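Summary of structural features
These are the residues of each chain, in order.
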Amino acid sequence: MHDIRRIREDGAAFDAALAKRGLAPVAGAILARDADWRRVTTELQQAQQRRNEASKQIGVAKRNGEPADALMAEVSELKDRMARLEEDERRLAAEVEELLSGIPNLPGPDVPVGADEDANVEIRKVGTPRERNFAARDHVAIGEGLGLMDFEAAARLSGARFVVLKADLARLERALASFMLDIHTGEFGYTEVSPPVLVRDQALYGTGQLPKFAEDQFKTTDGFWLIPTAEVPLTNLAADQILDEEELPLRFTAYTPCFRSEAGSAGRDTRGMIRQHQFGKVELVSIAHPERSAEEHERMTSCAETVLQRLDLPYRVMVLSTGDMGFSAHKTYDIEVWLPGQDDGQGR
């Protein structure tokens with residue numbers, strides 16, 4: 001969530017950055033509500049101070065045998081007024097927080113400006129797609145043909161957008177996760193973590209999934225959320241902590257199941273194992289000093305690319321435009337791997 005002090009300091013610059021995402025100005029509305037909150041907070045503090053003074057005066061008057069009826073009436077009135085002000089303060093604070101939490105992160109200055117994926121920019125290609133003299137089959141045809149990928153069994157168990165992997169394919173998934181974790185921990189200094197996959201509201205607020213994307217999450221009946229990515233618990237390992245700058249960067253990696261409702265994605269890339277409700281993922285998270293954030297982002301991208309290079313998979317790296325990157329992103333690199341079974345003209 002944005003720090004309101006940034007908007008107070010330069011609301012015009014904040015709105016200009018949001019405009020790159022195609023969003024309307026919001027600073028004026030937020031600052032107006034913030035001004036109301038600060039006014040009410042000042043009035044509340046003044047009322048508290050006057051109540052304390054009047055209470056002391058009542059004590060002095062009683063010790064001296066003097067009448068204190070007027071002072072007692074004032075204190076009673078002040079208590080009623082303070083109750084109303086406290087309610088207004090809570091309401092206005094919640095309104096300001098709701099406004100701030102609904103605003104996406106501001107894009108970096110080097111992020112391409114555009115409305116959608118058509119404005120994404122390719123920055124490099126690595127490897128060459130293999131030529132073939134036959135029509136490639138996609139992962140569904142191969143997996144089902146080998147009897148290692150079973151969507152029908154998954155549908156009986158859980159419904160659509162689940163899969164059962166068997167035998168060598170289940171073993172391959174486990175081996176790939178171990179392969180990635182070994183690289184990240186052994187070569188790049190990441191600390192492996194086995195985090196909870198059920199988290200509280202605050203963890204999702206802290207990583208931008210709430211409140212805007214509640215419908216994309218799965219929630220239990222007792223108030224926990226299933227994580228959409230290990231980024232949520234890994235990032236929150238540093239939440240509400242005061243870190244010594246010398247400790248940074250903190251680098252975490254984890255392999256976890258991830259859960260997404262994929263609300264609104266009907267008809268888009270839903271064949272097979274794409275856009276499933278449950279999937280396994282190796283995540284990388286770095287907690288870095290703001291001044292080293294861009295450098296750490298480049299390093300992290302290089303770590304992820306190393307995995308593909310070791311597997312000899314051709315890929316390209318795209319920087320996403322302001323209209324295509326995620327809600328909480330400042331800058332996003334998308335690594336697209338060559339998939340011969342996807343006939344989109346590029347195999348990606």
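Residues numbered from 1 in each chain as written. Predicted model: local features only at pLDDT ≥ 70, side-chain atom pairs only at ≥ 80, totals over all residues. Heavy atoms only, no water.

Remarks on the overall build of the protein
For clarity, the threshold we go by: Secondary structure elements follow DSSP: runs of H or I of four or more residues count as helices, runs of E of two or more count as strands, with numbering from the N terminus. The globule rule used for comparison is 2.2 Å times the number of residues to the exponent 0.38, while the radius of gyration itself is calculated over C-alpha atoms. Burial classes: relative accessible area under 20% of the type maximum marks a residue as buried, over 50% as exposed, and values in between as partly exposed (1.4 Å probe, protein chains only).
The secondary structure content of the protein amounts to ten helices and eleven strands. Taken over the C-alpha trace, the protein has a radius of gyration of 27 Å; the compact-globule value for 348 residues is 20 Å, which it surpasses by more than 25%. Along the first, second and third principal axes, the C-alpha set of the protein runs to 105 × 45 × 45 Å. For the protein, with 348 residues in total, the buried portion stands at 35%.

Here we look at the pattern of salt bridges
Short version of the rule: Here, a salt bridge means any Lys or Arg side-chain nitrogen found within 4 Å of an Asp or Glu carboxyl oxygen.
Evaluation of the coordinates by the stated rule reveals 23 salt bridges. Arg 39 is the partner of Glu 43 in a salt bridge, and the nearest nitrogen-oxygen pair spans 3.4 Å. Taken together, the residues Glu 43 and Arg 39, both in helix 3 (residues 27-63) and four residues apart, mark about one turn of the helix. We classify Glu 43 as partly exposed; its relative accessible area is 23%. Assessed through its relative accessible area of 43%, Arg 39 is described here as partly exposed. Salt-bridge contacts for Lys 331 lead to Asp 110; the nearest nitrogen and oxygen are separated by 2.7 Å. One end of the pair, Lys 331, is in the loop between strand 10 (315-319) and strand 11 (333-337); the other, Asp 110, is in the loop between helix 4 (69-101) and strand 1 (121-126), and 221 residues separate them in sequence. A residue is classified by how much of its surface remains accessible, and Asp 110, at 49% relative accessible area, is partly exposed. It is possible to trace a salt-bridge network through shared partners that takes in Arg 33, Asp 36, Arg 39, Glu 43, Arg 81, Asp 88, Arg 91 and Glu 95.

Concerning the sheet that holds strand 7 (residues 225-226)
Basically, it comes down to this: By the convention used here, strands pair only if DSSP detects at least 2 bridges between them.
Across the sheet, which stays open at both edges, the three strands sit in the order 5-7-6 with antiparallel pairing between neighbours. Each of the sheet's edge strands pairs with one partner strand only, and the pair in question is strand 5 (198-199) and strand 6 (218-219). With two bridges joining them, strand 5 and strand 7 adopt antiparallel strand pairing. The partner of Leu 198 across the bridge, within strand 7, is Leu 226.

Points about the nonpolar core
Defined as follows: Take the buried residues of types Ala, Val, Leu, Ile, Met, Phe, Trp, Tyr and Cys, join any two whose side-chain atoms come within 4.5 Å, and each joined set is a nonpolar core. Note on contacts: a residue pair qualifies if any of its non-hydrogen atoms lie within 4.5 Å across the two residues.
Ranked by size, the top nonpolar core spans eleven residues in total: Ile 4, Ile 7, Phe 14, Ala 17, Leu 18, Ala 27, Ile 30, Val 96, Leu 100, Ile 103 and Leu 106. For this core, the elements supplying multiple residues, two or more each, are helix 1 (4-9), helix 2 (11-19), helix 3 and helix 4. Take this core: its biggest share by element is three residues, from helix 2. Beyond its immediate sequence surroundings of up to four residues, Ala 27 is in contact with Ile 7, Gly 11 and Asp 15. Listed in part, the nine residues of the second largest apolar core include Val 193, Ala 230, Phe 252 and Ile 287.

Overview of the packing of helix 7 (residues 167-186) against helix 10 (residues 293-310)
How two helices pack is summed up by the angle between their axes together with the distance between the axes. The cut-off we apply is this: Lines are fitted to the C-alpha atoms to define the axes, a helix being fitted only along its stretch in contact, and any angle between axes, read from their N-to-C directions, falls within 0 to 180 degrees. Oblique is the label for any angle not covered by the other classes, which are roughly parallel (under 35 degrees), roughly antiparallel (over 145) and roughly perpendicular (65 to 115). Helix crossings get a hand from a simple test, with the near helix turned counterclockwise from the far one by less than a right angle marking a left-handed crossing and a clockwise turn marking a right-handed one. Note that Gly is not counted as nonpolar here; it falls among the polar residues with everything else outside the nonpolar set of Ala, Val, Leu, Ile, Met, Phe, Trp, Tyr, Cys and Pro and the charged set of Asp, Glu, Lys and Arg.
At a closest axis distance of 10 Å, the pairing of helix 7 and helix 10 adopts a crossing angle of 130 degrees. In terms of their interaxial angle, helix 7 and helix 10 are classed as oblique. Judged by the sense of rotation from one axis to the other, the crossing of helix 7 with helix 10 is right-handed. Packed against helix 7, whose contacting residues are Phe 179, Met 180, Ile 183 and His 184, the element helix 10 presents Cys 303, Ala 304, Thr 306, Val 307 and Arg 310 at the interface. Grouping the constituent residues of the contact of helix 7 with helix 10 by class yields six nonpolar, two polar and one charged.

Concerning the side chain of Ser 321
Selection criterion: We define a polar contact as two N or O atoms separated by no more than 3.5 Å, with the added condition that, inside protein, one atom must be a possible hydrogen donor and the other a possible acceptor, whereas residues neighbouring each other in sequence contribute only through side-chain atom pairs.
Assignment of secondary structure puts Ser 321 in the loop between strand 10 and strand 11. Side-chain polar atoms of Ser 321 contact the backbone oxygen of Asp 116, separated by 2.9 Å. Sequence-distant contacts of Ser 321, defined by excluding residues within four places in its chain, comprise Val 111, Pro 112, Gly 114, Asp 116, Ala 119 and Asn 120.

Observations regarding the packing of helix 3 against helix 4
Here helix 3 crosses helix 4 at 155 degrees, and the two axes come no closer than 8 Å. When the interaxial angle is binned, helix 3 and helix 4 end up roughly antiparallel. The way helix 3 lies across helix 4 gives a crossing that is left-handed. By residue class, the composition of the contact of helix 3 with helix 4 is 19 nonpolar, four polar and 14 charged.

Regarding the sheet that holds strand 10
Strand pairs in the sheet, formed through backbone hydrogen bonds, run parallel or antiparallel to each other. One open sheet accounts for three strands, arranged 1-10-11; its pairing is antiparallel. Looking at strand neighbours, the two that pair on one side only are strand 1 and strand 11, the edges of this open sheet. The average angle at which neighbouring strand axes cross in this sheet is 25 degrees, direction not considered. Inspection of the sheet shows strand 1 paired to strand 10 by five bridges, in the antiparallel sense. Within the sheet, the bridge partner assigned to Val 121 lies in strand 10 and is Val 319. Packed onto the sheet, helix 10 meets strand 1, strand 10 and strand 11 and runs at close to 5 degrees relative to strand 11.

Details of the packing of aromatic side chains
Just so we agree on the cut-off: Any two rings among Phe, Tyr and Trp, with Trp reduced to its six-membered ring, count as a pair given centres within 6.5 Å; such a pair is stacked if its planes are under 30 degrees apart, edge-to-face if over 60, and tilted if neither.
What the rule picks out here adds up to one aromatic pair. For the ring pair Phe 213 and Phe 327, a centre distance of 5.4 Å and an interplane angle of 85 degrees mean the geometry is edge-to-face. Here Phe 327 lies in the loop between strand 10 and strand 11 and Phe 213 lies in the loop between helix 8 (201-206) and strand 6, a separation of 114 residues in the sequence.

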